[in-house]
Amino acid sequence: MSLFEELKRRNVFRVGIAYVVGSWLLLQFTEVLSGLLELPPQVGPVVVTVVLFGLPLVLIFAWVFELTPEGLKREHEVDREESITGQTGRKLDRVIIVMLVVALGYFIWESRFSQRAPDPAPETMAGSVAGSAEAPEAVESDTIEARSIAVLPFANRSRLEDDEFFVEGIHDDLLTNLARIGALKVISRTSMLRYKDTAKRIPEIAAELGVATIMEG
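S.K.: Please explain the overall build of the chain as it appears in this structure.
M.R.: On a plain count of helices and strands, the chain comes out with eight helices and five strands. Going from the N terminus to the C terminus, the chain shows its helices and strands as α-α-α-β-β-α-α-β-α-β-α-α-β. Accessible surface, the chain as shown: approximately 14700 Å² in total, 62% of it carbon and sulfur.

Right, here's the structure in full:
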C-alpha cells in the first residue's frame, strides 16, 4: 500500500481538513469576541500561533492513533480486519460538512448583515479619521453622505520599485478594515486606481466620487 493510500485509510487527510476548517471558524469567532468583549490585542496572535503549531501535532496524532470501539489505540496494535477507519471517515465527512455549512453561514452573515450595524455617534466617526484625512471644501451637498471616505493610492517614497507591492498591500489592508465599519461608505480600490499619481485637487476628487472625506498618504 502506497503512502498516499495509507494516509487516506488512516483518515489523516480528513482530520487535516476538519482541523483547518475548524481553525478558520475559531479565528473568526475570536475576532468577533475580541470586538464584543474588548479582549487584549495579544489574544489574536496567540490563537493564530496555537493553531499553526497544532496542525502538525494533530496530523501526527491521526497517523499514530486509531479510534476503535474500545477507545484510542496505536495503529499497529489494531487488526486490519477489525479496523473501523471507514466508519470513522464517514463520521469525519459529516463533521466537515457541518463545519463548512457553519462557515458558509458566517461568511454570508459577515458580508451582508454585519455591514448594517447602527450608525455610531458623530464624535466617534470624526475621531476615527481625524489627523489622517483632509475634508474637501464642497461637502455640503445633500447628495454626499457625511460618513463617506475615499483612500487615494499611496505614494511609494522608497527608492526601490519592489516596495511598490508593499505600498499597494498597505492600501488594500486599510480599505479592507475601513469597509468593516458598517456605518461608513468606502469607495472601492478599483475606483481609486484611476487617481494614482493624479494632479487633481482633493475637492475635485471628492466631488467626483461623492464623498465627504479623502485620505492620502
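S.K.: Any chance you could explain the packing of helix H2 (residues 12-37) against helix H3 (residues 43-64) here in plain terms?
M.R.: Geometrically, a packed helix pair is captured by the angle between its two axes and the distance between the axes. At their nearest, the axes of H2 and H3 sit 10 Å apart, and the two run at 165 degrees to each other. The orientation of H2 relative to H3 falls into the category roughly antiparallel. With respect to the hand of their crossing, H2 and H3 are arranged in right-handed fashion. Taken together, the residues of H3 that come into contact with H2 (itself represented by Val 12, Val 15, Gly 16, Tyr 19, Ser 23, Leu 26, Leu 27 and Thr 30) are Val 43, Val 47, Val 48, Val 50, Val 51, Gly 54, Leu 55, Val 58, Leu 59, Ala 62 and Trp 63. Here the residues of the contact of H2 with H3 sort into 15 nonpolar, four polar and no charged.

S.K.: Would you mind showing me how to read the side chain of His 171 here?
M.R.: Among the structural elements, His 171 can be located in helix H6 (residues 163-179). Sequence-distant contacts of His 171, that is, excluding residues within four places in its chain, are made with Val 151, Leu 152, Pro 153, Phe 154 and Arg 189.

S.K.: Before we go on, may I ask you to explain the sheet that holds strand S4 (residues 185-186) in this structure?
M.R.: What links the strands of a sheet is backbone hydrogen bonding, and the strands pair in either a parallel or an antiparallel sense. In spatial order, the strands read S4-S3-S5; together these three strands make up an open sheet with parallel pairing. A strand with exactly one partner marks an edge of an open sheet, and here the two such strands are S4 and strand S5 (211-215). Pairing of strand S3 (residues 145-151) with S5, which is carried by four bridges, proceeds in the parallel orientation. Across the sheet, the residue bridging to Glu 145 is Val 211, located in S5. Relative to S3, H6 is tilted by about 160 degrees, and along the sheet it contacts S3, S4 and S5. Across the sheet, helix H8 (residues 202-209) lies against S3, S4 and S5, angled at about 130 degrees from S5, the strand it touches most.

S.K.: For this particular structure, what's the right way to read the environment of Met 99?
M.R.: Within the secondary structure layout, Met 99 lies in helix H4 (residues 85-113). It is 7.9 Å that separates the C-alpha atoms of Met 99 and Ala 18, two residues lying 81 residues apart in sequence. Excluding its chain neighbours within four sequence positions, the residues that come into contact with Met 99 are Ala 18, Val 21, Gly 22 and Leu 25.

S.K.: Got a minute to help me understand the packing of aromatic side chains in this structure?
M.R.: We describe a pair of aromatic rings using the distance from one ring centre to the other and the angle between the two ring planes. Tallying each qualifying case throughout the model produces four aromatic pairs. Arranged with centres 6.0 Å apart and planes meeting at 85 degrees, the rings of Phe 29 and Tyr 106 form a pair that is edge-to-face. Of this pair, Phe 29 sits in helix H2 while Tyr 106 sits in helix H4, and the two are 77 residues apart along the sequence. For Phe 29, a relative accessible area of 40% corresponds to the partly exposed category. On the basis of relative accessibility, which here comes to 9%, the residue Tyr 106 falls in the buried class.

Criteria and cut-off values
- Residues numbered from 1 in each chain as written.
- Predicted model: local features only at pLDDT ≥ 70, side-chain atom pairs only at ≥ 80, totals over all residues.
- Heavy atoms only, no water.
- Helix = DSSP H or I, 4+ residues; strand = E, 2+ residues; numbered from the N terminus.
- Areas by Shrake-Rupley, 256 points an atom, 1.4 Å probe, with all protein chains shown as cover.
- Axes fitted to C-alpha atoms, helices over the stretch in contact; angles between N-to-C directions.
- Parallel < 35°, antiparallel > 145°, perpendicular 65-115°, else oblique.
- Left-handed = near helix turned anticlockwise from the far one by under 90°.
- Contact = heavy atoms within 4.5 Å.
- Nonpolar A, V, L, I, M, F, W, Y, C, P; charged D, E, K, R; others polar.
- Pairing = 2+ DSSP bridges.
- Phe/Tyr/Trp six-rings, centres within 6.5 Å; stacked < 30°, edge-to-face > 60°.
- Buried < 20%, exposed > 50% of the residue type's maximum accessible area, 1.4 Å probe, protein only.

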